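Chain by chain, the residues:
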Amino acid sequence: MLSRTADHLFWMSRYTERAENTARMLDVNYQTALLPQSDAVAQVGWQGLLSISELLPTYEALHGEVNARDVMAFMVTDESNPSSIVSCLSAARENARAVRGTLTTEVWETQNQTWLEVKRMIKSGEFERDPAQFFEWVKFRSHLSRGVTVGTMLMDEALHFMRLGTFLERADNTARLVDVKFHAVKGDFLGNAREKDQEYDFYHWSAILRSVSGFEVYRKVYRDVIKPERVAELLILRPDMPRSLHASLNEVVNNLALVANEQSGETHRRAGKLCAELKYGRIDEILATGLHAYLTQFLDRVNDLGIHISRDFLIPSTT
């Protein structure tokens, strides 16, 4: 496959996944903001959301003070923000258009219709009237895109590069979400808490689980009250949790093997090593050494993987 074509397919899927993850993070913050809490606590939540995407300095340069209305607009409709939902869906559509001949009609029409529909929804004010419904729509369109891709595309390199982009992006976003949300809980989250704090904690952790469609999964797996260390275990180490770091890296390793070439051995080795550490890791060891440090290192390694994948497959050869 031409590296240019692989690049478009890879980034089409990454941008679609990024739009969904941004919608998930905005939705959980929007829902949490409806709970009884001080303005200061609410502001920390919105600052955390910007920190997840490393956009806090950019936002402050444009808007100054962090508030819900401006953050929502910045992360949804601001076309100057490359990580906004509108920008991601636009970039996904443009990448799809560039390789229209490689895609099935259903995949192309799904991407194109999503872009046309999101423009209509923003213009008509549907997002402002019901943000929660808008975020659900973005998630649904991402689900539809993945389903149509798997259901209609030939199982060849084109599909493997699309899957590679999806799961590399998902690993990155899940790690950022867990890091920021755990970091937001001041003090030792494993310590004893007052009854009022426990009630707040339940809503805090259940909101995080819902943001990755993990609330029902948690109940099924653990059959117990929501505990922070188990939330971390579910989202980091469980290979059967679809949005966990382990499940995402399993897919990255499998798809790398399917598109391997003579220069991708080192990239596959690095991905396999990271996946093995997740497979044999234990949550008590991760927490003992520091969750923030662990996730920061994980993000660095995922970013390094992205660079190696680009070098091995996506950058056109100059020779």
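Small disclaimer: the values here were computed from a predicted structure and weren't measured. (Residues numbered from 1 in each chain as written. Predicted model: local features only at pLDDT ≥ 70, side-chain atom pairs only at ≥ 80, totals over all residues. Heavy atoms only, no water.)

Quick look at the packing of helix α9 (residues 157-183) against helix α13 (residues 245-258)
Counted only if it meets this: Angular values range over 0 to 180 degrees, each being the angle between N-to-C directions of two axes fitted as lines to C-alpha atoms, with helices fitted over their stretch in contact. By definition, any uninterrupted DSSP run of H or I lasting at least four residues is a helix, any uninterrupted run of E lasting at least two residues is a strand, and each is numbered from the N terminus. The scheme is simple: roughly parallel for angles under 35 degrees, roughly antiparallel for over 145, roughly perpendicular for 65 to 115, oblique for anything else. Take the far helix as your reference; a near helix turned counterclockwise from it by less than a right angle gives a left-handed crossing, and one turned clockwise gives a right-handed crossing. Any two residues whose heavy atoms approach within 4.5 Å at even a single point are treated as in contact. Note that Gly is not counted as nonpolar here; it falls among the polar residues with everything else outside the nonpolar set of Ala, Val, Leu, Ile, Met, Phe, Trp, Tyr, Cys and Pro and the charged set of Asp, Glu, Lys and Arg.
Two numbers describe how α9 lies on α13: the axes approach to 8 Å, and their chain directions differ by 155 degrees. When the axes of α9 and α13 are compared, the pair comes out roughly antiparallel. Between α9 and α13 the crossing geometry is left-handed. Contact with α9, carried on its side by His160, Arg163, Leu164, Phe167, Leu168, Arg170, Ala171, Thr174 and Ala175, involves Leu245, Ser248, Leu249, Glu251, Val252, Asn255, Leu256 and Leu258 of α13 and no other residues of that element. Its residues placed into classes, the contact of α9 with α13 shows ten nonpolar, four polar and three charged.

Some points on α9
Applicable threshold: To estimate how far a helix should reach, multiply one less than its number of residues by 1.5 Å. Remark: exposure states derive from per-residue accessible area (1.4 Å probe, protein chains only) relative to the maximum for the residue type, with buried under 20%, exposed over 50%, and partly exposed in between. Pairs of N or O atoms are called polar contacts if they sit within 3.5 Å, as long as, within protein, a hydrogen donor faces a hydrogen acceptor (for residues adjacent in sequence, only side-chain-to-side-chain pairs).
If you check α9, its first and last C-alpha atoms are 39 Å apart, about what 27 residues at 1.5 Å a residue would give, namely 39 Å. Taken across its 27 residues, α9 has 24 buried, putting it largely inside the fold. A side-chain oxygen of the first residue of α9 lies 3.2 Å from the backbone nitrogen of alanine 158; this N-cap is aspartate 156.

Some thoughts on the packing of aromatic side chains
Basically, it comes down to this: Paired rings are identified among Phe, Tyr and Trp, the last through its six-membered ring, by centres lying within 6.5 Å, and are further divided according to the angle between planes into stacked (under 30 degrees), edge-to-face (over 60) and tilted (the rest).
Under the defined criterion, the tally for this structure stands at ten aromatic pairs. Both rings, one in tyrosine 218 and one in tyrosine 222, keep their centres 4.8 Å apart while their planes meet at 45 degrees; by these two values the pair is tilted. With tyrosine 218 and tyrosine 222 both in helix α11 (residues 215-222), this residue pair falls four residues apart, about one helical turn. For the pair tyrosine 218 and tyrosine 222, a shared accessibility class is recorded, and that class is buried.

Considering the nonpolar core
What counts here: Working definition of a nonpolar core: buried Ala, Val, Leu, Ile, Met, Phe, Trp, Tyr and Cys residues. They are joined through side-chain atoms within 4.5 Å.
Of all hydrophobic cores here, the largest spans 82 residues; its most connected members are Phe134 and Ile236. If you look at the next biggest cluster of nonpolar residues, it comprises twelve residues, including Val99, Leu103, Val107 and Ala158.

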